[in-house]
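Here are the chains, one letter per residue:
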Amino acid sequence: MFKNYLKIAWRNLMKSKVFSLINILGLTIGITVCMMIFLYINNEYSFDNFHKKGKNIYRVMRGYDATKPRVAYLSGPYATSLLNEYPNDIKAAVRVQAGSGLITIDNQSFREPELLTADSGFFNLFSYKLLKGDPSTVLKEPGSIVLTESAAKKYFGNADPMGKIVKVDKTLTLKVTGIAADAPVNSHLSFNVIIPFSNYYNEQWFKGWLAHNHFVYVELNDHTDVAALQKKFPAFMDKYVGDVLAHFGRKFDLALTPLRDIYFEPTSPFDNSKHGEKSVVYIFLSIAALILLIASINFMNLSTVRAGDRSKEVGLRKVMGALRTQLIWQFIAESMLLVIISCILSLGLLSILMPAYSNLLGYPLSIPWGKAPLYLFLLSVIIVVGFLAGSYPAFVLSAFAPIESLKGKLRLGKGGSLFRHVLVVIQFSISVFLVIGTIAIVKQLNYVKNKSLGYDKEQSLTVQINNDDLYTNRETFRRELLANSTVSSVSFMSGEPGGFFDTQVYDVEGKNEKWYCRTEFTDFDCVKTLGLKIIAGRDFSRSFSTDSSEAAIINRTAATELGLTPEQAIGKWVKNTIRDSTRRRIVGVLEDFNFLSLKQKMDPLLVTPGNDHRVAVIKIKPGNVTAGVEATRRAYKTVAPDYPFEYNFLDDQFSRLYKKDIRQRSIITIFSGLAIFIACLGLFGLASFTAAKRTKEIGVRKVLGSSVSNIVVLLSKDLLKPVLIANLIAIPLGYWAMHNWLESFAYRTALPWWLFLLAAGLGVVVALLTVSAQAVKAAVANPITSLRSE
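Each residue is numbered by its place in its chain's sequence as written, counting from 1. Reporting of local features is limited, given that this is a predicted model, to residues whose pLDDT is at least 70; pairs of side-chain atoms are given and counted only at 80 or more, and all residues count toward the totals for whole chains, interfaces and linings. Hydrogens and water are ignored here; the side-chain numbers use all heavy atoms of the structure.

## Digging into the overall build of the chain
The secondary structure content of the chain amounts to 29 helices and 21 strands. A simple rule labels every residue: compare its accessible area, found with a 1.4 Å probe on the protein chains alone, to the largest value its type can have, and call it buried under 20%, exposed over 50%, or partly exposed in between. Each of the 790 residues in the chain was classed as buried or not, and the buried ones make up 52%. With residues, only the protein chains shown are counted as cover, and all accessible areas are computed by Shrake-Rupley using a 1.4 Å probe. Here the chain has roughly 35,600 Å² of accessible surface; of this, 58% comes from carbon and sulfur atoms. Comment: elements are numbered from the N terminus, with helices defined as DSSP H or I runs of at least four residues and strands as E runs of at least two.

The structure is reproduced here in structure tokens:
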């Protein structure tokens, strides 16, 4: 039965090739976009959800301030102490530290940016696939190392790496004991190399409770009540860490985050694991649904406007004994056939576009041909779109009275016209809404890019101090650089603007409570190198011998938070509860500068001389960038010859901080353009139909003296009215949506009236061009040809 429906449906589609082509083109583009978004969401739906023990795995989180997100880092003793304290609740605990290192094989060295240090139970806890090696023993011995498949090929080519010797950071000599499959791109842990944590068990830093530098994952027993276990953690903290925290004036608590929730946790500077954004997933999902809705509306509209042409067919079928249900299924079969054809074409189009799409996303994405979800998704599209888009035309067409249909006196009435106009309003409301969103996103990112950040980022190099050679010889590195005429100044810092700024705890003069403040540990040249502005007091100076241990500088926000003006803050004392043995006096106050992402509000900042140097910022004199980079490379090779020289420009920090936002802007812009294109396809079809139905009317009007422009206006105005109404709906919705989106930025652009006028104008112009093209074609036709049949 259904096979016969499809045969008839194919013949009917061939009778109306133009309308079928418009529908297939719109649906193909819409389904392709939906599949792109489906693949993105399927990828973003984290691999962490598919670990074999995922439901029982949690990451232990540390809280230090109820107003701030929890921190993922803990110290060495936590894992074993939790296991010992709660043996009935916790089955296993694994520590994981993410970092980088120097890999040396024979005489060749490589910097490995994704190196994990983990306990021996890593592969037993997680479901990362081992291609070679035993999960239970592969990290058991300190002298072991596991490489991913890609890393093994990079370091050893086609040779078998098992049993080969690898040196890490010039000090650890390790033997390859396992090869793991590459970590999925949607795992929050990303790695190329894993080495055992047992290499550091006897290190002093590993034994301290306050040396927070790694993650702790626990596997709970099936019967464990998570809420009840978390209620025991305050007692645990008092027992093991209470005295230490009290001594330094700190207070921490612990909580458990399910493994499946980690990937979509808010990104934090205190968590260098990979994160996705759930809000972006929802945005893309909404765009997919809206674009598919636009394509479906095209089908509904074009099917109903052709109702008059098919009325005799319906009447004849009814006279021949066809039941209404049979006619309904016939029209739905046509709809589903059209969607099936579109799905097949969209798979081909998707294959062609995948390389460009992967490049746009910033990571490799492939079509899972062998996976069921892809085909289930396509099946759901065929059923949902085919049935829903075809249902309205099916019920309308099947309801025609056979006598009226065969006489050719069928009239759809104002109700049908009104419904078509409503559908056009929905289409263009969606399109203009997406255009408003695109323009607002572009405007915000341009605002962020061009906003004065309060520091001089031009012609500044950043070199990460990520190895012992550079750290130990950093003063030699400075002298080598300053001896070169192209270098203006050099400063070592714990974090460059946009980088890492730890939160420290301070005692403050006049305050009984502990004060939590972002901190920059630097040298005497930080203010000069970054071009910061002193608004009260002075900069650090080598002329004051006590500045190294007794001076501090704060920003304006810190002074305000302490209830002081910049001038009043000068001379007040502060003391780091852990690092300082004596009090420091505030000698200067800086104007606020954006050392964090512009998505975050300005935090108080305290700058103090210290040795926690993680990055070097090198200021190059104007016009000497190339020579300055080369001078930096030579100086680097002087002090760290075994390590590859890598650098960034400070003004490129924008691209790194907002990389995801920039990519999302590009994708949303493309999808918005496609939404308008699909909507215009439908409008083009309606305009073609209207012009064809009014051919004789146009001929009569031209004979009676109407001009081409009058006829164009006549044909265009009825189709443009829904577009104008759509603007009235889309503008307030667009304002509401973008206002909420901008709330995620602490510093945001305005939403001026011209933005909405531009989006509305663009929608009207595109619609006008689409309709006018057909209107002009009809208006310039020879009236004799139009009236010949009369």
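## Some remarks on a nonpolar patch on the surface
Side chains of Trp329, Leu376, Leu379, Ile383, Val384, Phe387 and Leu388 sit close together on the surface and give an oily, nonpolar patch of about 670 Å² of accessible area. No other element matches helix 14 (residues 372-398), which puts six residues into the nonpolar patch. The topology assignment puts tryptophan 329 in helix 13 (residues 324-361). Like charges are joined within 9 Å and nonpolar side chains (Val, Leu, Ile, Met, Phe, Trp, Tyr) within 5 Å, but only among residues with over 30% relative accessible area and no salt bridge; these make up the patches. Note on definitions: salt bridges are taken to be side-chain nitrogens of Lys or Arg within 4 Å of carboxyl oxygens of Asp or Glu.

## Thoughts on helix 5 (residues 149-156)
Buried within helix 5 we find Ala151, Ala152, Tyr155 and Phe156. The buried side chains of helix 5 occupy one side of the element, clustering within an arc of 100 degrees when seen end-on. Directly after helix 5, the chain includes glycine 157, whose backbone phi takes a positive value near 65 degrees. For this quantity, the arc is that covered by the directions from the helix axis to the C-beta atoms.

## Examining the pairing of strand 10 (residues 253-258)
The buried fraction of strand 10 is high, at five of six residues. Pairing between strand 1 (residues 57-63) and strand 10: six bridges, direction antiparallel. Along strand 10, the bridge assignment pairs arginine 59 with threonine 257. For two strands to count as paired, DSSP must find a minimum of two bridges between them.

## Re the pattern of salt bridges
Counted according to the given criterion, the structure contains 26 salt bridges. In this structure, arginine 579 engages aspartate 612 in a salt bridge whose closest nitrogen and oxygen atoms are separated by 3.5 Å. With arginine 579 in the loop between strand 17 (573-576) and strand 18 (584-590) and aspartate 612 in the loop between strand 19 (605-609) and strand 20 (615-620), this residue pair connects regions lying 33 residues apart in the sequence. Take arginine 579: its relative accessible area is 43%, and that puts it in the partly exposed class. Exposure remark for aspartate 612: the relative accessible area of 18% places this residue in the buried category. A salt bridge links aspartate 580 to arginine 584; its shortest N-O distance comes to 3.3 Å. Across the pair, exposure class does not vary: aspartate 580 and arginine 584 are buried alike. Each of Glu475, Arg478, Asp523, Asp525 and Arg542 takes part in a single network of salt bridges with overlapping partners.

## Points about the environment of valine 424
Examined against the element boundaries, valine 424 turns out to sit in helix 16 (residues 413-450). For the pair formed by valine 424 and leucine 683, sequence separation is 259 residues and the distance between their alpha carbons is 7.7 Å. By definition, residues are in contact when any of their heavy atoms lie within 4.5 Å. Discounting residues that sit within four places of it in the chain, valine 424 has contacts with Asn301, Leu683, Leu686 and Pro722.

## Side note on the packing of aromatic side chains
We describe a pair of aromatic rings using the distance from one ring centre to the other and the angle between the two ring planes. Pairing of aromatic rings covers Phe, Tyr and Trp, the last counted by its six-membered ring, and requires centre-to-centre distances within 6.5 Å; plane angles under 30 degrees mean stacked, over 60 mean edge-to-face, and any other angle means tilted. Applying the stated criterion to the full structure yields 34 aromatic pairs. Measuring from centroid to centroid gives 6.2 Å for tyrosine 86 and phenylalanine 236, while their planes differ by 40 degrees, and the two rings are tilted. Here the residue tyrosine 86 occupies a position in the loop between helix 3 (77-85) and strand 2 (90-105), and phenylalanine 236 occupies one in helix 8 (residues 233-240), the gap between them amounting to 150 residues. The pair formed by tyrosine 86 and phenylalanine 236 is uniform in burial state, with each residue classed as buried.

## Concerning the side chain of histidine 188
As for its position among the elements, histidine 188 is in the loop between strand 7 (172-180) and strand 8 (193-196). Taking relative accessible area as the criterion, histidine 188 reaches 1% and is therefore assigned buried. Among the polar contacts listed, one links the side chain of histidine 188 to the side chain of tyrosine 217, at a separation of 2.7 Å. Two N or O atoms form a polar contact when they lie within 3.5 Å of each other; inside protein one atom must be a possible hydrogen donor and the other a possible acceptor, and for residues adjacent in sequence the pair counts only when both atoms belong to side chains.

## A look at the side chain of asparagine 484
Structurally, asparagine 484 can be placed in the loop between helix 18 (474-482) and strand 12 (487-493). With residues near it in sequence (within four places) discarded, asparagine 484 still touches Ala631 and Arg634.

## Focus: the pairing of strand 3 (residues 108-118)
Sheet topology places strand 2 next to strand 3; nine bridges connect them, and they run antiparallel. Across the sheet, residue glycine 101 finds its bridge partner in strand 3, namely glutamate 112. The antiparallel pairing of strand 2 with strand 3 creates a hairpin that spans two residues between the two strands, and aspartate 106 there sits at a positive phi of about 60 degrees. Summarising the sheet, strand 3 and strand 8 pair through four bridges and their orientation is parallel. The residue bridging threonine 117 from the neighbouring strand is isoleucine 195, located in strand 8.

## Some words on the packing of helix 3 against helix 8
Lines are fitted to the C-alpha atoms to define the axes, a helix being fitted only along its stretch in contact, and any angle between axes, read from their N-to-C directions, falls within 0 to 180 degrees. Here helix 3 crosses helix 8 at 120 degrees, and the two axes come no closer than 12 Å. Of the possible angle classes, the one that applies to helix 3 and helix 8 is oblique. Here the hand of the crossing between helix 3 and helix 8 comes out right-handed. Mapping the contact onto sequence places Tyr78, Ser81, Leu82 and Glu85 in helix 3 and Phe233, Phe236, Met237, Lys239 and Tyr240 in helix 8. Polar here means any residue other than Ala, Val, Leu, Ile, Met, Phe, Trp, Tyr, Cys and Pro, which are nonpolar, and Asp, Glu, Lys and Arg, which are charged; Gly is therefore polar. Looking at the contact of helix 3 with helix 8, its residues break down into six nonpolar, one polar and two charged. The scheme is simple: roughly parallel for angles under 35 degrees, roughly antiparallel for over 145, roughly perpendicular for 65 to 115, oblique for anything else. Handedness of a helix crossing follows the sense of rotation of the near helix relative to the far helix, less than a right angle counterclockwise being left-handed and clockwise being right-handed.

## Overview of the environment of lysine 572
Along the polypeptide, lysine 572 turns up in the loop between helix 22 (566-569) and strand 17. Looking at lysine 572, the relative accessible area reads 27%, which means it is partly exposed. Sequence separation of lysine 572 and glycine 510 is 62 residues, and the distance between their C-alpha atoms is 8.7 Å. Excluding residues that lie within four positions of it along the chain, lysine 572 makes contacts with Glu509, Leu564, Arg584, Arg585 and Ile586.

## Overview of the environment of histidine 613
Structurally, histidine 613 is set in the loop between strand 19 and strand 20. Taking the C-alpha atoms as reference points, histidine 613 and isoleucine 465, 148 residues apart in sequence, are found 7.1 Å from one another. Apart from the residues within four sequence positions on either side, histidine 613 is in contact with Ile465, Tyr471, Arg474, Phe492, Met493, Ser494, Phe521, Thr522 and Asp523. A distance of 2.9 Å separates the side chain of histidine 613 from the side chain of arginine 474, its partner in a polar contact. Of note is the side chain of histidine 613, whose polar atom sits 2.5 Å from the backbone oxygen of glycine 610.

## Regarding unusual backbone geometry
One non-glycine residue, lysine 170, lies in the positive phi region at around 65 degrees. If you trace the backbone, lysine 170 turns up in the loop between strand 6 (165-168) and strand 7. The class for lysine 170 is partly exposed, based on a relative accessible area of 32%. A positive phi angle, close to 50 degrees, is found at glutamine 459, a residue other than glycine.

## Examining the nonpolar core
Grouping buried Ala, Val, Leu, Ile, Met, Phe, Trp, Tyr and Cys residues that are joined through side-chain atoms within 4.5 Å yields what is termed a nonpolar core. Ile31, Tyr40, Phe428 and Phe671 are the most contacted members of the largest nonpolar core, which has 86 residues in total. At the level of elements, helix 2 (17-44), helix 11 (278-305), helix 13, helix 14, helix 16, helix 25 (659-693), helix 27 (708-742) and helix 28 (753-779) are the ones that each hand at least two residues to this core. A per-element tally of this core places helix 2 first, with 14 residues. Among all residues touching phenylalanine 671, those that are not within four sequence positions of it are Val33, Met36, Ile37, Ile287, Ile291 and Tyr357.

## Points about the packing of helix 18 against helix 23 (residues 625-639)
Between two packed helices, the angle of one axis relative to the other and the distance separating the axes together describe the packing. In contact at an axis separation of 9 Å, helix 18 and helix 23 are set at 150 degrees when each is read in the N-to-C sense. In terms of axis orientation, helix 18 runs roughly antiparallel to helix 23. In this structure, the crossing between helix 18 and helix 23 has a hand that is right-handed. For the pair helix 18 and helix 23, the contacting residues are Thr476, Phe477, Glu480 and Leu481 in the first and Ala631, Thr632, Ala635, Tyr636, Thr638 and Val639 in the second.

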